[in-house]
Amino acid sequence: MPRVSVSMAGLDNSLQLWSPLCAPSPSVTLLLCSLLQRLDLLVRDWQLSGAYGTDAGQEYLGEITQDLEVSAEQPLVLEALRASGTRCYLLPHPGTQFTRSRAGTPDDMDEDFWQCLCEYVTSVVHSAGTHVRTDRAGQVLTGAQLAARIKGVSRYRKTQRYDFSSPMKMAEAFAVMRQELNRRVAEATRREYDQFVQELDRDHQSMSSCLRVKPLEMQRRLEGKRQELLKRCRGELRGEDPQKQAALEELKKELDKQMAEFLPRYEQRFKVKKDE
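Below is a short write-up of the structure. For clarity, every value in this text was computed on a predicted model and none was experimentally measured.

**So, the environment of Asn182**
- Of note, Asn182 is situated in helix H6 (residues 167-203).
- The spacing of Asn182 and Arg234 is 52 residues in sequence and 9.8 Å in space, taken between C-alpha atoms.
- What Asn182 contacts, discounting residues up to four positions off in sequence, is Leu237 and Arg238.

Here it is, written out as structure tokens:
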């Protein structure tokens, strides 16, 4: 059986979800950030009912989602909460002995909190096999590699001074990070296509090499490479499908422009070589 590591990424009070049904709202801890395929919201110190765990958490998450739908003030937060990989888990207070302890060991926790936490971690372990993360090349990431990438994002966030002081600010920060990532993906795709066009141009300068590839065949090669890059780019872009589609359409226009500039020159070269 594979070994599973459960890591907590605490945001303290930087992510507060307000609800008329819960005032003040409990502190929310993110188990997995947006790098992962699943986002778990652990709500600690739950006091509105004696029900804890996944079922109660999903009910609370539904209430929060409905409140956000009515207010329409935090669309990016609502998008994250609606995602199929998002779930909520309610935990009781860990007990005064735990909160007053400097070490904060499991022995200091109240029994009901310890039991709920064990049940949660068990559920994570059982579902670990269904959440496999891969890199851009399709290679499976190890836990150490994934942890390194999460730390990298954390360092990047600190250097860019992103504001996580509220749900809206946090959502806006992740939106900016997503836009920057998509910009880099699109730019890398443009550079690769430009390099491909330059290589075709360089490799078909002589008469023999040029006459072997007719203009129509050259067009097919360019279109094939364009489709290959756009397909790969779609898989690397982040965000909802409408956002991806808009970025892809803009990128396609730029690649089409490169092709439109190269093909007439190549056709003229082919004609000259043929007439020589």
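On we go from here.
**Brief notes about the pattern of salt bridges**
- If you walk through the whole model with that rule in mind, you get 14 salt bridges.
- For Glu180, the salt bridge is made with Arg183, and the minimal N-O distance between the two is 2.9 Å. Of this pair, Glu180 and Arg183 are both found in helix H6, three residues apart, which corresponds to roughly one turn of the helix.
- Across the pair Glu217 and Arg221 runs a salt bridge, and its minimum N-O distance is 3.4 Å. Of this pair, Glu217 and Arg221 both sit in helix H8 (residues 215-236), four residues apart, which is roughly one turn of the helix.
- One salt-bridge network, held together by shared partners, links Glu187, Arg190, Arg191 and Glu254.

**What to know about the nonpolar core**
- Counting 21 residues, the largest nonpolar core has Tyr193, Met218, Leu222, Cys233, Phe262 and Tyr266 as its most contacted members.
- Elements that contribute at least two residues to this core include exactly H6, H8 and helix H9 (241-275).
- With eight residues, the top contributor of residues to this core is H9.
- If we ignore the near neighbours within four places in the chain, the residues touching Leu222 are Tyr193, Phe196, Val197, Leu200, Met259, Phe262 and Leu263.

Cut-offs and rules
- Residues numbered from 1 in each chain as written.
- Predicted model: local features only at pLDDT ≥ 70, side-chain atom pairs only at ≥ 80, totals over all residues.
- Heavy atoms only, no water.
- Helix = DSSP H or I, 4+ residues; strand = E, 2+ residues; numbered from the N terminus.
- Contact = heavy atoms within 4.5 Å.
- Salt bridge = Lys/Arg side-chain N within 4 Å of Asp/Glu carboxyl O.
- Core = buried A, V, L, I, M, F, W, Y, C linked by side-chain atoms within 4.5 Å.
- Buried < 20%, exposed > 50% of the residue type's maximum accessible area, 1.4 Å probe, protein only.

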